[in-house]
Amino acid sequence: MSTAEAPASHLRENPFEIAKDQLRRVADVFDIDDNLVNVLGACKKAVSVSIPVAMDDGRTQVFEGHRVTHNIARGPSKGGIRYHPDVTVDEVKALAMWMTWKCALAGIPFGGAKGGVVCNPKQLSRGELERMTRRFTTEIINEIGPEKDIPAPDVGTDGNVMAWIFDTYSMNKGHSVLGVVTGKPLTIGGSLGREEATARGALFCIREAVAKKELRLDGMSVAVQGFGNVGSYLSKFLAEDGAKVIAISDSQTALHNPNGIDVQAALAHKRQTGSLGGLKGAEEITNDELLLLDCDVLAPCALEQVITEANAGQVKARIICEGANGPLTPSADEILEDKGILILPDILANAGGVIVSYFEWVQGLQEYFWKEAEVNARLNDIITKAFDETWDTYKERETTMRFAAYGLAVQRVAEATITRGIYP
Ligand code: NAD
């Protein structure tokens, strides 16, 4: 894609600067040593590669890819791979740092990483997508591995992409390496419950938050932005719990019905047509309007920085569940906190994906696979524990849920770093 064709980026602020600033502010509140902040504020490794791909029309197109490891103090690094036109190395670094905190908050033995390729996967044929994925995997083959760094799906990637990464890595090693990637299809060593895991984790967090506020999810109104992996399953689960899903959206279409949208019909429509456009039974609004609807729960499940200081003052939700990573800018955060909105931060609310990825990795290493009920019950145990610890810290320290979650996580990574010592 030439620069002239590139769409305006969704990134209004540099996400890595935001992530580093969050770390510094959390370190102040939780009295974390400056030397450690210097260590934790830097990414261990960032690899950028060029990915030449033979296109269907005979051209060779060169894509830009990145794989960043933020920290491995608590275990091998873990994090998704994003295919999106707006990917930048600083976005990947921020997402890698948030993965470190997410794994630490959940108490699973991973550090943080992330990857991305600057591309629009919707404009690539299946063959082009496969060739790009296999070449990207080959370019980063020395960086990834079951004991080293384990990719997973993120925006624009799915089980098919993970299958190609798994196969490319395995072909190069000469044997199947189940633990190299998670989010694999069930036919090749994926875990039951992984596809729905991020949304299920968010659902468990919303249930806990609603209970703490002595409210009932049944009958509550919910608006969900993004109808991909996270947003579509979250809409489905919330509707099954009796909530009224009054708005949903994808990148092209946002829909609103104050009496509730038929989520099953929306899922079927998206599956058949690939988009929400043309779905009956709801009025079309804009994605910006969706964020400002009068509702009990707002779940941004698309991209970063959708709520900024420009629109935060108009948000009317009572609870915000960050299904996406980084959907609120720090200035939006302050405005929303002042309004008394309860924010369930990304590193807690969307941790379900990496928790079940951890289960998939464990199952792959043991070559012994669990029942879905077991996966979901263990997910519930881990995420509810993380929620309770965050909630208790939030109350005890009279801070925000975000600072409580980040504080607990950063403390854990700092402790691991001190225990290991700085090499040499
Ligand atoms: P996805 O590609 O499956 O879905 C993204 C959705 O967002 C799509 O419906 C897309 O149309 C929509 N979208 C894109 N741009 C939009 C815009 N400007 N306005 C409204 N909608 C828009 O991606 P996903 O895996 O569901 O990831 C969504 C978010 O959740 C990302 O922030 C990701 O980092 C985060 N996340 C995902 C996982 C996971 O397991 N997939 C885990 C943790 C966090």
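Residues numbered from 1 in each chain as written. Predicted model: local features only at pLDDT ≥ 70, side-chain atom pairs only at ≥ 80, totals over all residues. Heavy atoms only, no water.

**Notes on empty space enclosed by the protein**
Then step 1. Enumeration according to the criterion identifies one cavity of 30 Å³ or more in this entry.
Then step 2. As a volume, the largest cavity reaches approximately 50 Å³.
Then step 3. Lining the largest cavity, in full, are P15, I18, Q22, W98, Q305, G326, L328, T329, D346 and R402.
Then step 4. Counting residues per element, the lining of the largest cavity draws most heavily on helix 1 (residues 15-29), at three residues.
Then step 5. Grouping the amino acids of the lining of the largest cavity by side-chain chemistry returns four nonpolar, four polar and two charged. (1 Å grid on protein atoms, 1.4 Å probe; cavity = no way out; pocket = protein on both sides within 12 Å on 5 of 7 lines; lining within 4 Å. Points joined across faces, edges and corners; volume = space filled by probe spheres on them. Helix = DSSP H or I, 4+ residues; strand = E, 2+ residues; numbered from the N terminus. Nonpolar A, V, L, I, M, F, W, Y, C, P; charged D, E, K, R; others polar.)

**Details of the site of the ligand**
Then step 1. In the region of the ligand, 22 residues are neighbours, and D154, T198, N229, S251 and N325 sit closest.
Then step 2. The contact in question runs from an oxygen atom of the ligand to an N or O atom on the side chain of R82, over 3.0 Å.
Then step 3. Within the backbone of F227, a nitrogen or oxygen atom sits 3.0 Å from an oxygen atom of the ligand.
Then step 4. Coverage of the ligand by the protein amounts to 85% of the 830 Å² it exposes when considered alone.
Then step 5. For the shell around the ligand, the elements supplying multiple residues, two or more each, are helix 6 (194-212) and helix 7 (229-240).
Then step 6. Looking at side-chain class alone, the shell around the ligand contains seven nonpolar, eleven polar and four charged residues.
Then step 7. The two domains that each donate at least three residues to the shell around the ligand are domain 1 (43-188) and domain 2 (197-349). (Near = heavy atom within 4 Å. Polar contact = N/O pair within 3.5 Å; in protein donor to acceptor, adjacent residues only side chain to side chain. Areas by Shrake-Rupley, 256 points an atom, 1.4 Å probe, with all protein chains shown as cover. Domains from an automatic or database assignment.)

**A look at the domain arrangement of the protein**
Then step 1. What the domain assignment lists for the protein is domain 1 (43-188) and domain 2 (197-349).
Then step 2. Taking the mean C-alpha position of each, domain 1 and domain 2 sit 27 Å from one another.
Then step 3. Across the interface of domain 1 and domain 2, roughly 820 Å² is buried in total on both sides, 58% from carbon and sulfur atoms.
Then step 4. Considering only the side of domain 1, the residues that lose the most area to domain 2 are W98, K102 and L105, jointly responsible for 52% of the buried surface there.
Then step 5. Linking domain 1 with domain 2 are one salt bridge, by the criterion used here.
Then step 6. If you look at where domain 1 meets domain 2, you find three residue pairs in polar contact (both at pLDDT 80 or more). (Buried area = accessible area lost by both parts, 1.4 Å probe. Salt bridge = Lys/Arg side-chain N within 4 Å of Asp/Glu carboxyl O.)

**Description of the nonpolar core**
Then step 1. Residues W101, I206, L234 and L344 are the most contacted members of the largest nonpolar core, which totals 85 residues.
Then step 2. The element that contributes the greatest number of residues to this core is helix 3 (residues 89-106), accounting for twelve residues.
Then step 3. Among the domains, domain 1 (43-188) and domain 2 (197-349) are the pair contributing at least three residues each to this core.
Then step 4. Every residue in contact with L234, bar those within four places of it in the chain, is listed here: A199, A202, L203, I206, A299 and C301.
Then step 5. In this structure, L129, M132, I141 and Y169 belong to the second largest nonpolar core, which totals 27 residues. (Core = buried A, V, L, I, M, F, W, Y, C linked by side-chain atoms within 4.5 Å. Buried < 20%, exposed > 50% of the residue type's maximum accessible area, 1.4 Å probe, protein only. Contact = heavy atoms within 4.5 Å.)

**A short note on the sheet that holds strand 8 (residues 254-256)**
Then step 1. Strand order in the open sheet made by the seven strands is 9-8-7-6-10-11-12, with mixed pairing throughout. Only two strands of the sheet have a single partner each, and these edge strands are strand 9 (283-285) and strand 12 (342-344). Adjacent strand axes in the sheet meet at a mean angle of 20 degrees, parallel and antiparallel pairs treated alike.
Then step 2. In this sheet, strand 11 (residues 319-321) lies alongside strand 10 (residues 297-300) in parallel orientation, the contact comprising two bridges. Residue pairing for strand 11: V297 is matched across the bridge by I319.
Then step 3. Sheet strands in contact with helix 6 are strand 10, strand 11 and strand 12, and its direction is about 155 degrees off that of strand 12. (Pairing = 2+ DSSP bridges. Axes fitted to C-alpha atoms, helices over the stretch in contact; angles between N-to-C directions.)

**Looking at the packing of helix 3 against helix 14 (residues 401-420)**
Then step 1. Relative orientation of the contacting elements helix 3 and helix 14 amounts to 90 degrees, with a least axis distance of 8 Å. Looking at the two axes, helix 3 sits roughly perpendicular to helix 14. Here W98, T100, W101, A104 and L105 of helix 3 come into contact with helix 14, specifically with A405, Y406, L408, A409, V410, R412 and V413.
Then step 2. Its residues placed into classes, the contact of helix 3 with helix 14 shows ten nonpolar, one polar and one charged. (Parallel < 35°, antiparallel > 145°, perpendicular 65-115°, else oblique.)

**Topic: a negative patch on the surface**
Then step 1. Where like charges cluster on the molecular surface, the negative patch consists of D28, D31, D33 and D34.
Then step 2. Residue placement: D28 occurs in helix 1. (Patch = residues over 30% accessible without salt bridge, like charges linked within 9 Å, V, L, I, M, F, W, Y side chains within 5 Å. Lys, Arg positive; Asp, Glu negative; His and termini not counted. Charge placed at Lys NZ, Arg CZ, Asp CG, Glu CD.)

**Section: unusual backbone geometry**
Then step 1. That bond from Y423 to P424 is cis: its omega, 0 degrees, falls within 30 degrees of zero.
Then step 2. The topology assignment puts P424 in the segment after helix 14.
Then step 3. One non-glycine residue with positive phi stands out, namely E367, at about 50 degrees.
Then step 4. Even without being a glycine, E398 presents a positive backbone phi close to 50 degrees.
Then step 5. Examined against the element boundaries, E398 turns out to sit in the loop between helix 13 (372-397) and helix 14.

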